[in-house]
Amino acid sequence: MAEAAKTMGPDEAALALERATDQAVEACDGDAWAAVRALLVANAALEEEVARLTSRVSTGYARGRVRTTSTK
């Protein structure tokens, strides 16, 4: 959706976001709280995947564009 939103006007992007929101809630049987929870879990998994892939990319290959995050 993010790529498609770049080519959409503001009204189209808002409508696409509304549809995606409706789909997320619908997938959780109308439970908005469950939809938010599911999206947070999915986002955490994606963040872990980005961190894993970022750690595997060499600085030379990325020409220094890969930001490293400090872990505490």
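Look up: the structure comes first, before these words.
**Here's the deal with the overall build of the protein**
Counting its secondary structure elements, the protein contains four helices and zero strands. Each helix and strand of the protein, ordered N terminal to C terminal, gives the series α-α-α-α. The burial tally for the protein puts 4% of its 72 residues in the buried class. A total of about 6600 Å² of accessible surface is found on the protein, and carbon and sulfur atoms cover 56% of it.

**Remarks on unusual backbone geometry**
For residues other than glycine, phi is negative in most cases, and the peptide bonds are mostly trans. Although it is not a glycine, Asp 29 adopts a positive phi angle of roughly 55°. Along the chain, Asp 29 falls in the loop between helix H2 (10-27) and helix H3 (32-56). For Asp 29, a relative accessible area of 76% translates into the label exposed.

**Some thoughts on the pattern of salt bridges**
This structure, assessed with the given rule, holds one salt bridge. Put simply, Glu 49 and Arg 52 hold a salt bridge, and the shortest N to O gap is 2.9 Å. Here Glu 49 and its partner Arg 52 are both found in helix H3, three residues apart, which amounts to about one turn of the helix.

The rules we used
Residues numbered from 1 in each chain as written. Predicted model: local features only at pLDDT ≥ 70, side-chain atom pairs only at ≥ 80, totals over all residues. Heavy atoms only, no water. Helix = DSSP H or I, 4+ residues; strand = E, 2+ residues; numbered from the N terminus. Buried < 20%, exposed > 50% of the residue type's maximum accessible area, 1.4 Å probe, protein only. Areas by Shrake-Rupley, 256 points an atom, 1.4 Å probe, with all protein chains shown as cover. Salt bridge = Lys/Arg side-chain N within 4 Å of Asp/Glu carboxyl O.

Any functional reading would require information that these geometric values do not contain.
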